[in-house]
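Each chain is listed here by its residues.
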Amino acid sequence: MDTAELRTRIATEMPQTVAQLEELVRIPSIGHPGHDPAQVRRSAEATAEILRDAGLQDVQLIELGEGAGHPSVFGQLPPLEGAPTALLYAHHDVQPEGPAGEWTTPPFEPTIRDGRLYGRGAADDKSGIVIHAAALRALRGVLGAGIKVLVEGMEECSTEFLPELVQGHEELLRADVAVIADGGNYRTGVPTIGTSVRGVTDCIVEVSVLPKAQHSGALGGPIPDAITALARMLASLHDEAGDVAIPGLRRFRWQGTPIPEDEFRQVSGVFDSVDMIGTGSLTDRLLSGPAVNVLGIDAPTVTESSNQIVPRARARVSLRLAPGDDPVAARDALVAHLRAAAPWGVRVAFEADEAGMGYLVDTSTPTYRAASEALAEAFGADVMEMGSGGSIPLVPLLAQTFPGLPVLIWGAGDDRSAFHSIDESVDLGDLETMALAEALFLQNLAG
């Protein structure tokens, strides 16, 4: 089938593609503790119906047992004799909505404005599900390659059960190429293929100074409060230049496409007065070096506070890692650094969270070149090769489980998608064109 006919098929079915994305976005499939797990199951079941509608066989929910997280979804099509098989990946769980009142429209009420569909998960990563479905519908009856689709149910909330999902279903997931639709374009309409993802780990650190709160006038002065002690520890995570001060972490010079600072500032919305921290090129700091951030603090709020010495406080600290760095060793280094920075003999305790590797894509493979050509043909533009500062825990695990497996990372998100933030959205034009690019790639794969 030529490109024009594929383009027409996908365009004709865009109302169904958009309706399916709206259906998924309406489901608050947040897998984090404290949220309703029934909604994640509901999302898995809706995803299964979308895959069945796309013509997949053996569609099933993969469940890992009682207490082992949320269901993933799998479906497949057998290849013609001698043809390769592609594993298509996305995830149906989403991040919490954050402050719902700050959204322009409610986060789980999908709304289209100016060609973009807004709602939590619209880009990350329910768009990946409908890209796969749209590409497969367009190729119905002419596809020679085998297809396996895995839609994960815990990507945003936990990697604890990921090895069991992948390595425990090794034969089910075995393929000749993996297509990860959890990436995005550098800009709207600019086709982009991923070249790396960073690793990630984090910990929760708790500081205690008293068994209970005490009067800040009667005892304040000699006794430090827990928030002040914790603040000193957190401030030690960066040096004076703003580089991560934790010793032993990997850094290397990024050799790919540079990112101009003015463009980065425009996309991020950072205030003009805020300096960029750290040394080296902007891409070094974003893609091939560590980054540490404090994601949350548990302590009395201003409205809850009283004239008392705060006895304990804790913070969640996230550490992003250069591709290839050891996340377990990095997490140990983070904990050791914070422990050493604890002032005045305060008590400290740690909860170590999960650790995930980064990954560098092999851009020299014929599969990678074929994917780039499909993107260029679909968008009618040159393809950018761009690393990601984010993490996709499944990718390095796939590479470990299936040595030599070519991995492709792309998606319909863009610089305006606001991943994990308020007013998350996806450009419907890019969604349609990404479905065409994937269809072109899968059609050519059989040859």
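Summary of the structure given here.

Some thoughts on the overall build of the chain
- For the chain, the count of helices and strands is 14 helices and 19 strands.
- Relative to the compact-globule value of 22 Å for 447 residues, the chain shows a C-alpha radius of gyration of 23 Å, a close match.
- Expressed as lengths along the three principal axes of its C-alpha atoms, the size of the chain is roughly 80 × 45 × 45 Å.
- Split into buried and exposed, the 447 residues of the chain put 52% on the buried side.
- A separation of at least 24 residues holds for 81% of the contacts in the chain among residues at least 6 apart in sequence.
- Counting every atom, the chain has about 19300 Å² of accessible surface; 50% of that belongs to carbon and sulfur.
- The chain carries 32 positive and 62 negative side-chain charges, and their two centres are separated by 4 Å.

Let's talk about the layout of surface pockets
- Roughly 250 Å³ of internal volume is contained in the second largest pocket.
- Ala355, Gly356, Met357, Pro393 and Leu397 are, among the 14 residues lining the second largest pocket, the residues nearest its centre.
- Of all the secondary structure elements, the ones that give two or more residues to the lining of the second largest pocket are helix H5 (162–167), strand E15 (347–356) and helix H13 (394–401).
- Across the lining of the second largest pocket, the residue classes break down as eight nonpolar, five polar and one charged.

Some details on the pattern of salt bridges
- For the coordinates displayed, the defined rule picks out 14 salt bridges.
- Its salt-bridge partner being Glu5, residue Arg9 comes within 3.8 Å of it at the nearest N-O pair. In this pair, Arg9 and Glu5 are both assigned in helix H1 (residues 3–12), four residues apart and thus about one turn of the helix distant.
- Overall, Arg9 belongs to the partly exposed group, its relative accessible area being 30%.
- The residue Glu424 makes a salt bridge to Arg120 at a minimum N-O spacing of 2.7 Å. Highlighted residues: Glu424 in the loop between strand E18 (407–409) and strand E19 (425–427) and Arg120 in the loop between strand E5 (116–118) and helix H4 (126–138), separated in sequence by 304 residues. Across the pair, Arg120 and Glu424 agree in class, each one buried.
- It is possible to trace a salt-bridge network through shared partners that takes in Arg116, Asp414 and Asp427.

Considerations on the sheet that holds strand E12 (residues 291–298)
- With respect to topology, four strands assemble into an open sheet ordered E12-E14-E10-E15, the strand pairing being antiparallel. The open sheet has two free edges, formed respectively by E12 and E15, since each of these has just one partner strand. Direction aside, the axes of adjacent strands within the sheet are offset by 20 degrees on average.
- For E12 and strand E14 (residues 312–321), the ladder comprises seven bridges, and the chain directions are antiparallel. Within E14, the residue paired with Asn293 across the bridge is Ser318.
- Sheet contacts for helix H8 (residues 226–235): strand E10 (199–208), E12, E14 and E15; angle to E14, the most-contacted strand, approximately 15 degrees.
- Strand contacts of helix H11 (residues 327–341): E10, E14 and E15, with the helix running at about 165 degrees to E15, the strand carrying the most contacts.

Considerations on the nonpolar core
- Ranked by internal contacts, the top residues of the largest apolar core, which has 90 residues, are Leu136, Ile147, Ile180, Leu398, Phe441 and Leu442.
- The leading source of residues in this core is helix H14 (residues 428–445), at eleven residues.
- Ignoring sequence-local partners within four residues, the contact set of Leu398 consists of Leu87, Val166, Ala178, Ile180 and Leu405.
- The next biggest cluster of nonpolar side chains, apart from the first, holds 25 residues, and it includes Cys203, Leu234, Ala313 and Val335.

Observations concerning the pairing of strand E7 (residues 177–180)
- Covered by surrounding structure in E7 are Val177 and Val179 together with Ala178 and Ile180, the residues of both alternating faces.
- Across four bridges, the pairing between strand E3 (residues 85–91) and E7 is parallel. Paired with Leu87 across the strands is Ala178, a residue of E7.
- Looking at chain direction, E7 and E18 are connected through three bridges and run parallel. Bridge pairing links Val179 to Leu408 in E18.

Focus on the packing of aromatic side chains
- One pass over the full model with this rule turns up one aromatic pair.
- Measuring from centroid to centroid gives 6.1 Å for Trp410 and Phe441, while their planes differ by 85 degrees, and the two rings are edge-to-face. Placement of Trp410 in the loop between E18 and E19 and of Phe441 in helix H14 is noted, with a sequence separation of 31 residues between them.
- Given the relative accessible area of 1%, Trp410 is considered buried.
- For Phe441, a relative accessible area of 2% gives the class buried.
- The side chain of Arg113 reaches across the aromatic face of Tyr118, ending 3.8 Å from its centre.
- Sitting over the face of the ring of Tyr186, Arg187 holds its NZ or CZ atom 4.2 Å from the ring centroid.

The rules behind the values
- Residue numbers restart at each chain and count upward from 1, following the sequence in its written direction.
- Per-residue local features are limited, in this predicted model, to residues with pLDDT of at least 70; the limit for side-chain atom pairs, both in listing and counting, is 80 or more; totals at the level of whole chains, interfaces and linings are taken over all residues.
- Hydrogens and water are ignored here; the side-chain numbers use all heavy atoms of the structure.
- Labels follow the DSSP assignment, with helices taken as runs of H or I lasting at least four residues and strands as runs of E lasting at least two, numbered in each case from the N terminus.
- Throughout, the radius of gyration refers to the C-alpha atoms, and the reference size of a globule is 2.2 Å times the residue count to the power 0.38.
- Burial status follows relative accessibility: with a 1.4 Å probe on protein chains alone, a residue under 20% of its type maximum counts as buried, one over 50% as exposed, and anything between as partly exposed.
- Whether two residues are in contact is decided by their heavy atoms: any pair within 4.5 Å suffices.
- Here the open area of atoms and residues is found with the Shrake-Rupley method and a 1.4 Å probe, where only the protein chains shown may cover a residue.
- None of His or the chain ends enter the tally, which takes Lys and Arg as positive and Asp and Glu as negative.
- By convention, the point assigned to a charge is CZ for Arg, NZ for Lys, CD for Glu and CG for Asp.
- The pocket and cavity definitions rest on a 1 Å grid over protein atoms only: a 1.4 Å probe that fits but cannot leave marks a cavity, an open set with protein on both sides within 12 Å along at least five of seven lines marks a pocket, and residues lining either have an atom within 4 Å of a point.
- Grid points are joined across faces, edges and corners, and a volume is the space filled by probe spheres set on the points.
- In this classification, Asp, Glu, Lys and Arg are treated as charged, Ala, Val, Leu, Ile, Met, Phe, Trp, Tyr, Cys and Pro as nonpolar, and every other residue, Gly included, as polar.
- Put simply, a salt bridge is a Lys or Arg side-chain nitrogen that is within 4 Å of an Asp or Glu carboxyl oxygen.
- Should DSSP find at least two bridges between two strands, the strands are regarded as paired.
- Axis lines are fitted to C-alpha atoms, over the contacting stretch for helices. Their N-to-C directions set the angle, which ranges from 0 to 180 degrees.
- Residues belong to a common nonpolar core when they are buried Ala, Val, Leu, Ile, Met, Phe, Trp, Tyr or Cys residues joined through side-chain atoms within 4.5 Å.
- Geometry of aromatic contacts follows a simple scheme: Phe, Tyr and Trp rings, the Trp one being its six-membered ring, pair when their centres are within 6.5 Å, and the pair is stacked under 30 degrees between planes, edge-to-face over 60, tilted otherwise.
- Over a ring means this: the NZ of a Lys or the CZ of an Arg is within 6 Å of the ring centre and within 35 degrees of the ring normal.

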